[in-house]
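Spelled out, the chains give:
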Amino acid sequence: MTVTRRTFLQAAGASALAAPFGAPFAQSRPVLKAGDQKGGLRALLESADALKGLAYDIQWTEFPAAAPLAEALNAGAVDSGPIGDAPAIFALAAGTRIRLIGANRSDPYGTAVLVRPDSPLKTAADLKGKRIGTNRGSIGHFVALKALASAGLKAEDADFRLLPPADAKLALTNGSVDAWSTWEPYTAMAETSGHARVLVSGRGLWSGLSYLAATDAALASKRAVLADFLQRVVRAQAWSYQHVPEFSATLARIIGIPPEAARLQFERRRTQWQPIDAELVAIQQQTADFYLKAGLLKQRLDVAGTFDRGFALSA
């Protein structure tokens, strides 16, 4: 479905922030319309002081999850944004005109199926017949499906309730669902608040791959800007793991979560940017093929053509 910029900005509760420091855009300078999920990229770059000396301006728009970010990319209202491997596949299969220009890999523990602390559920097999809240096509959805498969179950063996994070969290709290399959920082927030525990973690189920995606239009008109932005993100990521307290504090402030949750999700993710090589593409293809088998894709997606390998990494 085609959406206007105003429509999804209202739906996502997004706010556009000019960078640096909200200065008015100079007409002679390019503007990178950068999408973000829960403030992660912006927190990373600001904490590392990585936005100095820009030859362009950045207009930030924040989204609570990959799905509304993908809609924004599809509508051309943002040029680029971070997206997990599974939602990227879902968006590409739906015809979103994007390419994956940078890849990172994290410990997948925090992409997990959560239950209430007092839940009687103990293993993935216990999810049979239970209500699972998650975003359609998200990495949470993917991990829930993989968790079921690991127990010899199929998607239809559980009752999926397709909900955005805030609604799924509420549904778990009030008992409308039995489990919530989500990702960081939501997992760390739920754990540190005592509202949930991990039933099944993503380790052994999910690749941990996420990407920086860019629209075809942005690649055609702002390629140098995107290349510079990606390099700054990669350098800032390396900086962040050398300055854990400083980054965790900035992350907590920008995305509005408790410091202990910010630090937990950051430290255990251990995110590393890596080249887009044949092994990575093969792993992405396996994820796409799993979605096809699960019935979430109507036809096979050849992922090789969804990558743009022309962006080098340098820490």
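What counts as what
Residues numbered from 1 in each chain as written. Predicted model: local features only at pLDDT ≥ 70, side-chain atom pairs only at ≥ 80, totals over all residues. Heavy atoms only, no water. Core = buried A, V, L, I, M, F, W, Y, C linked by side-chain atoms within 4.5 Å. Buried < 20%, exposed > 50% of the residue type's maximum accessible area, 1.4 Å probe, protein only. Helix = DSSP H or I, 4+ residues; strand = E, 2+ residues; numbered from the N terminus. Contact = heavy atoms within 4.5 Å. Phe/Tyr/Trp six-rings, centres within 6.5 Å; stacked < 30°, edge-to-face > 60°. 1 Å grid on protein atoms, 1.4 Å probe; cavity = no way out; pocket = protein on both sides within 12 Å on 5 of 7 lines; lining within 4 Å. Points joined across faces, edges and corners; volume = space filled by probe spheres on them. Nonpolar A, V, L, I, M, F, W, Y, C, P; charged D, E, K, R; others polar. Pairing = 2+ DSSP bridges. Axes fitted to C-alpha atoms, helices over the stretch in contact; angles between N-to-C directions.

Q: Let's hear about the nonpolar core: which residues, and what values?
A: If you look at the biggest cluster of nonpolar residues, it comprises 65 residues, and the most contacted ones within it are Ile83, Val113, Leu114, Leu127, Tyr211, Tyr291 and Phe307. The element contributing the most residues to this core is helix H5 (residues 139-150), with seven residues. Here Ile83 is in contact with Gln37, Ala66, Ala70, Ala88, Leu100, Ser210, Tyr211 and Ala213, once residues within four sequence places are set aside. Grouped together as the second largest cluster of nonpolar side chains are 39 residues, Leu45, Leu212, Val225 and Ile255 included.

Q: Would you mind going over the packing of aromatic side chains in detail, with residue names and values included?
A: In this structure the tally under the stated criterion is nine aromatic pairs. Ring geometry for Tyr211 and Phe307: centres 5.6 Å apart, planes at 75 degrees, overall edge-to-face. With Tyr211 in strand S11 (residues 209-215) and Phe307 in the segment after helix H12 (278-293), this residue pair connects regions lying 96 residues apart in the sequence. With relative accessibility at 8%, the residue Phe307 sits in the buried group. Feature note: the residues Phe90, Phe142, Phe290 and Tyr291 constitute an aromatic cluster, connected by ring pairs.

Q: Before we move on, can you summarise empty space enclosed by the protein with the specific residues and values?
A: If you walk through the whole model with that rule in mind, you get one cavity of 30 Å³ or more. One number sums up the size of the largest cavity: a volume of about 660 Å³. The wall of the largest cavity is formed by 38 residues, among which Gln37, Gly40, Pro82, Glu184 and Arg269 lie closest to the centre. Within the residue set of the lining of the largest cavity, elements represented by two or more residues are strand S2 (31-37), helix H2 (40-47), strand S4 (80-84), S11, helix H9 (223-240), helix H10 (244-255) and helix H11 (259-269). Looking at the lining of the largest cavity residue by residue, the class counts come to 21 nonpolar, 12 polar and five charged.

Q: Go over the sheet that holds strand S6 (residues 112-115) with me, naming the residues and quoting the values.
A: Read from one edge of the open sheet, five strands run S8-S7-S9-S6-S10, paired in mixed fashion. Lying at the two open borders of the sheet, with one neighbouring strand each, are strand S8 (159-162) and strand S10 (197-200). Within the sheet, the average angular offset between the axes of one strand and its neighbour, ignoring direction, is 35 degrees. Relative to strand S9 (residues 179-182), S6 is paired through three bridges, and the arrangement is antiparallel. Paired with Val113 across the bridge in S9 is Ser181. Across the sheet, H5 touches S6, strand S7 (131-134), S8, S9 and S10, and the angle it forms with S8 is around 175 degrees.

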